Each structure stands twice: as structure tokens, then as C-alpha cells.
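Structural features, examined
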Amino acid sequence: MNNDRDPLLESLFAQAESAPANDKFIAEVMANIDKRHRNVFIGRIAIVALLVMFELMMASPMQNFVGTIAEVMSTALVEVTNEWLSVAVAPVNSVAGLMGLLLLGLHTLFRRMHR
Amino acid sequence: MPAGYYAEGPEALVVSLASKGDRDAFAELVRRRQSWIRTLMLRCSGDAHLADDLSQQVFMQAWRKIRQIKEVDKFGSWLKQLAINEWLQHARKNDALRGAEGEEGITMSQHDKTSIAMDLGNAMAVLPGPVSLCIALSYHERMTHDEIAELTGMQLGTVKSHVRRGSKRLRELLSAYDETTELEDAS
């Protein structure tokens with residue numbers, strides 16, 4: 001079958017009444033749009049309120065947690081007595097330095113495997 | 001803006017204003033396009049209430065996405081695409097429920113525009129969603145099979161098959177009109 005249409009159906013489709021213009025329909029669409037705007041606005045306010053509450057509740061425990069992590073990360077792995085040597089190896093002589101080197105190694109390995 | 005500003009403005013300008021968040025411009029677009037979209041949905045679904053509900057969804061989608069519109073002079077085809085997506089999405093969820101009634105054929109009531117629309121609607125309601133969509137786009141929108149395939153994302157062969165099967169089924173269901181036409185032709 002090509003694009004030829006059945007003449008009877010074509011005639012019925014042409015004669016069938018279209019949906020008449022309806023002002024109530026437009027009002028309903030616009031009312032739904034306004035309702036959605038209201039809901040989005042209320043949703044955003046609720047999210048901001050929740051974030052503020054979370055921040056107020058968690059501020060002190062979060063600070064303690066960050067402080068502990070920073071302390072652990074900067075802990076020296078090997079004790080170096082020489083002052084100059086201690087400064088020179090400081091970037092790698094810590095938990096953070098070790099983790100950094102580990103990530104760098106993994107990254108290099110990953111790149112070599114996928115070359 | 002003056003009250004008649006939107007009503008008299010070219011559609012591309014109204015679309016452009018609506019895409020910048022102008023609510024009144026969008027209301028004007030709904031006013032201009034509502035009858036067309038509601039009729040397209042009515043042809044697909046065969047149910048006036050469902051058609052209005054789906055059309056509401058189409059315009060809500062349009063408002064949400066109008067900022068993304070790139071070619072303001074192609075608002076009509078953009079809106080039609082939204083309507084088709086809405087219908088296909090509805091059909092996927094509800095196709096099992098379609099065609100439960102009206103299998104035995106339509107008894108022609110009166111030969112006026114309203115009755116024809118009603119009978120056509122009852123017959124279309126029997127067809128599966130994608131089939132009724134292809135029929136509506138072919139007969140109501142007068143689109144070619146290629147255009148339907150492009151717009152709906154269906155394979156060309158599927159579109160052809162849907163139109164052929166749908167037309168055959170509709171002719172069976174609306175055979176009362178066939179006999180009337182033959183009688184009118186004979187007289």
C-alpha cells in the first residue's frame with residue numbers, strides 16, 4: 001500500500017466534527033501551570049529549609065569529623081629526626097601523601113591498560 | 001502589553017515571548033492550538049474526556065520545555081511531536097484496556113458532523129494505540145507514511161502495516177457508512 005487513502009475513511013475524517021475551541025480548557029491549562037509553579041516554589045523552600053536544619057544539626061559533629069580526618073591524614077608514616085630531611089620528605093611522608101601516590105599509581109596503571 | 005497584542009502577533013513572535021517565560025504569550029498559544037491538539041488526541045483516542053486530559057498534559061509539557069525550542073517558526077510541528085509522544089506513552093500504559101468495547105461494529109446513527117465524529121471515535125477506540133496514531137496522522141493530518149515514520153520513530157514498514165491493518169479494521173467497523181454511500185451513489 002502506498003500513501004493512497006481509503007476514500008470512505010478519508011471522507012469520514014474530513015466530515016467529522018473537530019473539538020470546538022474551549023475557553024475553559026485554556027483556563028485549566030493555565031491554572032495547572034500556576035499550580036505547578038507554586039509546587040516547585042514550595043518544594044525549593046522545603047529543600048532549603050531542610051539543608052539549613054541539617055547544617056544546624058550537623059555543624060559541630062561535622063567539624064569534629066573534618067578535624068579528625070585532617071589529623072590522621074597529616075600523621076607522619078616514618079619519624080624523621082633531621083629537620084631538613086623531615087621538611088623535604090613531608091609531602092610523601094604522611095597518610096595523605098601515601099594515598100596520593102597510590103592514586104597516582106592506579107591512574108598510571110589504568111591509562112597503560114587502556115592505551 | 002495591550003490586550004490584543006498577542007492575538008494579532010505572528011506565531012513566531014508569540015512563541016519567542018513564551019519561550020522567555022511570558023505566561024500571557026503562552027496562553028495565546030494554547031488558545032490558537034488547543035482545538036487542533038484536542039482534535040488530534042480525540043482522533044487517536046476516540047474519547048473526548050481522555051483527549052482533553054492528554055491535551056492538558058501536552059500543553060503542560062510544552063510550557064516546561066518551551067525554553068528549549070530552537071526554531072520558533074516550527075512551533076506547530078514541535079507541539080505535534082509532544083502530542084505524539086504523549087499519546088504513545090499513554091498507549092504503552094493502557095493499550096491492554098483498549099478495544100474491550102465496540103468490537104461488533106458501529107451502528108450508524110445520523111449523518112451529521114457530530115455523529116460521524118462520535119462513530120469514528122468509537123471505531124478508533126477499538127484500534128491499538130500505535131495503529132490509531134498512524135491512522136489519525138495519515139487521514140486526519142494527511143501525513144505521508146515517511147513523515148509518520150520520521151515523526152513517530154517507527155519503522156516505515158511498521159507504519160505501512162499499521163495504516164493498512166487499521167484502515168481495514170475501521171472499514172469493517174464503519175461498514176454501515178459504506179452501505180449508505182453506496183445507496184447515495186445509486187440514487
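In this report, we go over the structure that sits alongside the text. (Residues numbered from 1 in each chain as written. Chains lettered and ligands numbered in written order. Predicted model: local features only at pLDDT ≥ 70, side-chain atom pairs only at ≥ 80, totals over all residues. Heavy atoms only, no water.)

Some remarks on the overall build of chain B
Keep this limit in mind: By the criteria applied, helices consist of DSSP H or I runs no shorter than four residues and strands consist of E runs no shorter than two, each listed in order from the N terminus. A 1.4 Å probe rolled over the protein chains alone gives each residue an accessible area, and that area as a share of the maximum for its type sets the label: buried under 20%, exposed over 50%, partly exposed in between. Should any heavy atoms of two residues lie within 4.5 Å, those residues are counted as being in contact. Surface accessibility follows the Shrake-Rupley procedure with a 1.4 Å probe radius. Residue values consider only the protein chains on display as shielding.
From N to C terminus, chain B includes 10 helices and zero strands. Each helix and strand of chain B, placed in order from N terminus to C terminus, yields the pattern α-α-α-α-α-α-α-α-α-α. Relative to its full complement of 187 residues, chain B shows a buried share of 49%. Long-range contacts, defined as pairs at least 24 residues apart, comprise 64% of the intrachain contacts of chain B with a sequence gap of at least 6. If you sum the accessible surface of chain B, you get close to 9,300 Å²; carbon and sulfur atoms cover 50% of it.

Describing helix 3 (residues 23-45) of chain B
Residue and element names in this part refer to chain B. As a reminder of what qualifies: We define the bend at any residue as the angle between the axes fitted to the seven residues before and including it, ending there, and the seven starting there. Here a polar contact means two N or O atoms within 3.5 Å. Within protein one must be a hydrogen donor candidate and the other an acceptor candidate, and residues neighboring in sequence count only if both atoms are side-chain atoms.
A maximum bend of about 50° is found in helix 3 at R33. Counting buried residues along helix 3, 17 of its 23 residues qualify, which places the element largely inside the surrounding structure. The N-terminus of helix 3 is capped by D22, whose side-chain oxygen sits 3.0 Å from the backbone nitrogen of D24. Directly after helix 3, the chain includes G46, whose backbone phi takes a positive value near 75°.

Some details on the pattern of salt bridges
Keep this limit in mind: By definition here, a salt bridge exists when the distance from a side-chain nitrogen of Lys or Arg to a carboxyl oxygen of Asp or Glu is within 4 Å.
Taken as a whole and judged by the stated rule, the model has 13 salt bridges over all chains. Close ionic contact of D24(B) with R23(B) constitutes a salt bridge, the shortest N to O distance being 4.0 Å. We classify D24(B) as partly exposed; its relative accessible area is 45%. R23(B) gets classed as partly exposed once you look at its relative accessible area, which sits at 32%. It is possible to trace a salt-bridge network through shared partners that takes in D34(A), R23(B) and D24(B).

With respect to helix 4 (residues 48-65) of chain B
For an α-helix the count is 3.6 residues per turn, leaving residues at separations of three or four pointing the same way. Put simply, the test is: By this rule the span expected of a helix is its residue count minus one, scaled by 1.5 Å.
Taking 1.5 Å per residue as the helical rise, helix 4 of chain B with its 18 residues ought to reach 26 Å, and the 25 Å between its terminal C-alpha atoms agrees with that figure. Along helix 4 of chain B, the residues classified as buried are A51(B), L54(B), S55(B), Q56(B), V58(B), F59(B), M60(B), Q61(B), A62(B) and W63(B). Structurally, helix 4 of chain B contributes buried residues whose contacts are with helix 2 (23-73) of chain A together with helix 2 (11-19), helix 3 and helix 5 (75-94) of chain B. Residue D47(B) occupies the N-cap position of helix 4 of chain B, its side-chain oxygen lying 2.9 Å from the main-chain nitrogen of H49(B).

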